[in-house]
Amino acid sequence: MKSFYWLMLVLSAASIGQAQTKHHQQSKYPTYKGLVMAGYQGWFRAQGDGTGARRFAYGNEERSGIDMWPDVTEYDKTYETPWKLANGQPAKFFSSHDKSTVDVHFKWMQQYGVDGVFMQRFFGNAKGRDTVSATILKHAFESASKYGRAIAMMYDLSGLRGSGEDCSALIEDWKYLVDQLKVTNQAGQKTYLQHNGKPVVAIWGVGFPDRPYSIRNIGLDRLIDFLQNDPVYGGCAVMIGVPAFWRTLNADCLPDPYLHTLIRQCDIVLPWNVQRYSPLLHNDMDRFRDNTIADIEWCRQNKVDYVPCVYPGFSWHNLSKYEFPDDVKPVASIPRQGGRFYWQQIATAINAGASMLYVAMFDEVNEATAIFKTTDTPPVSKVTSFIGNDGKPSDHYLWLTGEAARMLRGEKALTLKMPERK
């Protein structure tokens, strides 16, 4: 009987060893704690970039989907757009498909001390396994290794219809990412983000009432179990992206207690705070503070780690004119205030006890949440409205994010007032 017992132990150890072969055991980033990570869309295409796109990223005067303009002075490749700058020169845009574009983004992360990014992977990209998004992922993982930046995958459920669709496509896609793209075992320096020594995989879009799918019948519990416990592809830490008011199950959240069941199965919870707080509302940071403190306490009691979401500001004017003509969003509906609003959230979250941060987003100029380099002199137009940078240098938000990371780790004293460069 003893020999049988020891045989089972050996077989179990061998099984665990097999599971470990898919994910590299070591990483420069064994925990999310102490890090400031940002979301990375990487969806920008440009006419002439080889993807077959026709003004995909920037559109034109008839239909544009962006509200702020990137500073393109450091890109190797740029593409002309329908707009002109104030000096009459053509306004240019980048393409995420170009390796040189991704490289400069990760170089900025290293230069300014942004710890890394979650690569957004939408349900449609995962299900269709398109080659363009795969190419961008390859470039990103190479650059993350090159510049020593943390990187992880985030599945965005946007695009999942719910009519006969479930999360099975994401299970198959994770196998593809691990086997073919080697995301958890990248060549060179190993920088895939881990938490408690496990590769982090995020699932975003759970519990929002405007989604066409039900959280009860799309196989979320099976996906979470697969990522955590599959003997070959599992062993992961799961981060779940939920509405801001997930804990109370009201306001922007489905009133379904099953959401709490799903959250308790996960390792980290990420509330989506974009548009939920504003500098235009009196004492809104007090509300953010109180919610964060209460969220952290719930997570402590339920043995789930917590990462608050912070963002620079918000503007979704141009696309809303076409998507919601009866409810057009004003330009800069949540103003950046030169970084003051961003810093208020950062300082409030850290003071409330946050041990890690998620920034929305690194490169999203669509909703004007980007922290990468943007210009204070965008194109001029009588139809399309672009916000500026409040007179701040193009790298202002990258610098602030690096300062946030240093203060989060206690390398510098936290200042409630937005720091100023010397």
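All figures in this text were calculated on a predicted structure; none of them were measured in a lab.

Each aromatic ring pair is summarised here by two numbers: the centre-to-centre distance and the angle between the ring planes. In the structure shown here, the tally under the stated rule is 30 aromatic pairs. Ring geometry for Trp69 and Trp83: centres 5.7 Å apart, planes at 75°, overall edge-to-face. One end of the pair, Trp69, is in the loop between strand S1 (36–40) and strand S2 (79–84); the other, Trp83, is in strand S2, with 14 residues separating them in the sequence. One exposure class covers both Trp69 and Trp83, and it is buried. Above the plane of the ring of Phe208 lies Arg211, whose end atom (NZ or CZ) is 5.6 Å from the centre.

Omega for the peptide link from Ala360 to Met361 comes to -5°, which places this bond in the cis form. By secondary structure assignment, the location of Met361 is in the loop between strand S12 (357–359) and helix H11 (396–408). A positive phi angle is found at Gln337, which is not glycine, with a value near 55°. Position of Gln337 among the secondary structure elements: in the loop between helix H9 (317–323) and helix H10 (340–351). Note on Gln337: relative accessible area 24%, which makes it partly exposed. Positive phi is not limited to glycine here, since Asp390 has a value of about 55°. For Asp390, the position within the fold is in the loop between S12 and H11.

This part is about the packing of helix H8 (residues 284–302) against H10. Between H8 and H10, the shortest axis-to-axis distance is 9 Å and the interhelical angle comes to 30°. The pairing of H8 with H10 is recorded here as roughly parallel in orientation. Relative to H10, H8 is oriented so that their crossing is right-handed. Residue-level contacts link Met285, Phe288 and Arg289 of H8 to Phe341, Gln344, Gln345, Thr348 and Ala349 of H10. Considered class by class, the residues forming the contact of H8 with H10 number four nonpolar, three polar and one charged.

Quick notes on the rules
Residues numbered from 1 in each chain as written. Predicted model: local features only at pLDDT ≥ 70, side-chain atom pairs only at ≥ 80, totals over all residues. Heavy atoms only, no water. Phe/Tyr/Trp six-rings, centres within 6.5 Å; stacked < 30°, edge-to-face > 60°. Helix = DSSP H or I, 4+ residues; strand = E, 2+ residues; numbered from the N terminus. Buried < 20%, exposed > 50% of the residue type's maximum accessible area, 1.4 Å probe, protein only. Lys NZ or Arg CZ within 6 Å of the ring centre and 35° of its normal. Axes fitted to C-alpha atoms, helices over the stretch in contact; angles between N-to-C directions. Parallel < 35°, antiparallel > 145°, perpendicular 65-115°, else oblique. Left-handed = near helix turned anticlockwise from the far one by under 90°. Contact = heavy atoms within 4.5 Å. Nonpolar A, V, L, I, M, F, W, Y, C, P; charged D, E, K, R; others polar.

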